[in-house]
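Descriptive structure summary
So the chains spell out like this:
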Amino acid sequence: MSKRRSSGLFRKYFIVTISIILASFVFIGGALLLLVSKVWMDEKIELLVENTASLAQNTSDVLESDYLDESGRGSIIVICNSLMQISNAIDADVFITNLDGDVVYCKEILQSNMALYTGKCMVHSQYSIPKEMMKAAIKGTVSITGDLNGILSDIHFIVSSPVIVNGKTIAVVYATQPIVGGLTPYIATIFRMFFLATLFTFAIAFILVYLVSYRLTKPLREMSAAAKQYATGDFSKRISINHSKLRLFGVDETDELVQAFNTMAQALATLESSRRSFVANVSHELKTPMTTIGGFIDGILDGTISPDKQNQYLKIVSDEVKRLSRLVTGMLNMSKIEAGELDLKPVRFDISEMLFRTLLGFEQLIDNKHIEIRGLDTMESNPVTADKDMINQVVYNLIDNAVKFTPEGGYIEISSKSDAEKVIVKVRNSGKGVPSEEIDKIFERFYKIDKSRSYDVKGAGMGLYIVKTIIELHGGQITARSEVGEYTEFIFQLPLN
């Protein structure tokens, strides 16, 4: 099915492109034929106008000359000979009419031996030029198309020029030439040349469009197949990019799309891996305290735990319940963050005081691990305007991490300072540190540094992701730095307002 769909995509792209090219050729061919026809018609009319005007002038000169005989036969022979030569030269029918529109001179009057034909001309004796056309012809040169009111068999070019003798129009020279009979062979020749050139060009275009269509749709076909594979939960497939291919057809954008698709696939694969790890971690985080709570409560209820030890175990149950509460709260906060529902409620408070009070909450754990607290004696008051509950969660998570990962006998160093624009808070703890290749990943969702001990170290990899999001919601930023075997330090900045 996927192969059929992908081939359909290629086929549609190919057919559309070829259709556009074919339509372009048809349009160009039609425009060319129209242009050629117009040029041919203009040239023919111009040729007829020049020759009728020349004949009109020659006829006028002949009729005004003195050397012709008195019978007028000489002038008739000269005029008809000129009509015959011009008619044959321009492939037109040229004749002269009187002012009534009747033909008086034509090439058929003169025989091949230069003798005059004594009978009526079988062709032109039937001609009678309409009066409206004669009125226009007497005034000057006229060029029109028509059939002389049915006299001619089809549409002709009709050009006329007046013959003027001693300042008076005495006759009119007419030239007619069929349009279809002359234009059709000319157009056929042009069309034949255009067709051969188009056929050759179209064959090349067909091959190029086929190759380009296949080249452009190949990544789309591969992405379609990969997307179906991703739908099954397998994000291993990547789309290849051949950078050695020519980029003559705008394929850079396709490569960018492929790169974006591969980036998306990598992000989905990472997210899926993190999700699976998160589900495993959360399952463990929920199962362990629930098992502990259930076991101790059952022990109290059935008398296995003696009354004098019940308070001790109830304290453990209370701690586990709080642990579950923090886990659920973290999950809810993460859901709100991803849904964009985390609203800020800024108030004015002293962040140095918040650091001190949060440390007091960890006093028992700090004493049990003999951790040295540094920096409290030099810390000054630093008021800031922010969402107090959210920043308290940031401070709590950072100090909780510091206490959790500080070895026995180690130290935690707290500092806060401010300038005209921002407050800077630092939380440093001694310990194993974070490897350099993982320092940039610790703020990602569900990421846990020591996966080999992930079930021993409490947490599901949400704390630092939530911390980073809260800080960025306030317009601040947070960074981390570490020296393996020495320390880990978190530094966050918040704008004062």
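This structure is a prediction, so every number in the text was calculated from the model and none was measured.

Moving on, we get to helix α10 (residues 463-473). Looking only at α10, the buried set comprises Leu-464, Tyr-465, Ile-466, Val-467, Thr-469, Ile-470 and Ile-471. The positive-phi residue at the C-terminal boundary of α10 is Gly-475, with phi of around 85 degrees.

For the protein, the average pLDDT comes to 81, and 85% of its residues sit at 70 or higher. Looking over the protein, one finds the lowest element-wise mean pLDDT in helix α6 (residues 307-339), namely 77, and the highest in strand β10 (residues 422-430), namely 93. The low-confidence segment residues 1-6, where pLDDT is below 50, has three contacts with residues more than four positions distant or belonging to other chains.

Taken as a whole and assessed by the stated rule, the structure comprises one cavity of 30 Å³ or more. Reported here for the largest cavity is a volume of approximately 40 Å³. Forming the walls of the largest cavity are Leu-55, Asn-58, Thr-59, Val-62, Val-78, Ile-79, Ser-82, Leu-83 and Ile-96. Elements that contribute at least two residues to the lining of the largest cavity include exactly α1 (2-64) and α2 (73-90). Looking at side-chain class alone, the lining of the largest cavity contains six nonpolar, three polar and no charged residues.

Now for the packing of helix α9 (residues 388-405) against α10. Where α9 meets α10, the closest approach of the two axes is 9 Å, and the angle between their N-to-C directions is 145 degrees. Crossing of α9 against α10: the hand is left-handed. Every residue of α10 that contacts α9 at Met-390, Ile-391, Gln-393, Val-394, Asn-397, Leu-398 and Asn-401 is listed here: Gly-463, Leu-464, Ile-466, Val-467, Ile-470 and Ile-471. Classifying every residue of the contact of α9 with α10 gives nine nonpolar, four polar and no charged.

Tallied over the entire structure, the rule returns eight salt bridges. Put simply, Arg-428 and Glu-489 hold a salt bridge, and the shortest N to O gap is 3.4 Å. Of this pair, Arg-428 sits in strand β10 while Glu-489 sits in strand β12 (residues 487-495), and the two are 61 residues apart along the sequence. Comparing Arg-428 with Glu-489 shows no difference in burial state: the two are buried. Here Glu-472 makes a salt bridge to Lys-468, at a shortest N to O gap of 2.6 Å. Of this pair, Glu-472 and Lys-468 both sit in helix α10, separated by four residues, roughly a single helical turn. A relative accessible area of 27% means that Lys-468 is categorised as partly exposed. A single salt-bridge network, built from bridges that share partners, covers Arg-428, Arg-481 and Glu-489.

This part takes up the sheet that holds strand β1 (residues 93-97). Across the sheet, five strands lie side by side as β2-β1-β5-β4-β3; this open sheet has antiparallel pairing. The two strands at the open ends of the sheet, each matched to only one other strand, are β2 (103-106) and β3 (142-146). Strand-to-strand twist in this sheet, taken as the mean axis angle between neighbours without regard to direction, amounts to 30 degrees. Lying over the sheet, helix α3 (residues 131-139) contacts β1, β3, β4 (156-165) and β5 (168-178), oriented at roughly 115 degrees with respect to β5. Here helix α4 (residues 179-231) sits on the sheet in contact with β3, β4 and β5, set at roughly 45 degrees to β5.

Conventions adopted
Residues numbered from 1 in each chain as written. Predicted model: local features only at pLDDT ≥ 70, side-chain atom pairs only at ≥ 80, totals over all residues. Heavy atoms only, no water. Buried < 20%, exposed > 50% of the residue type's maximum accessible area, 1.4 Å probe, protein only. Helix = DSSP H or I, 4+ residues; strand = E, 2+ residues; numbered from the N terminus. pLDDT = per-residue confidence, 0-100. Contact = heavy atoms within 4.5 Å. 1 Å grid on protein atoms, 1.4 Å probe; cavity = no way out; pocket = protein on both sides within 12 Å on 5 of 7 lines; lining within 4 Å. Points joined across faces, edges and corners; volume = space filled by probe spheres on them. Nonpolar A, V, L, I, M, F, W, Y, C, P; charged D, E, K, R; others polar. Axes fitted to C-alpha atoms, helices over the stretch in contact; angles between N-to-C directions. Left-handed = near helix turned anticlockwise from the far one by under 90°. Salt bridge = Lys/Arg side-chain N within 4 Å of Asp/Glu carboxyl O. Pairing = 2+ DSSP bridges.

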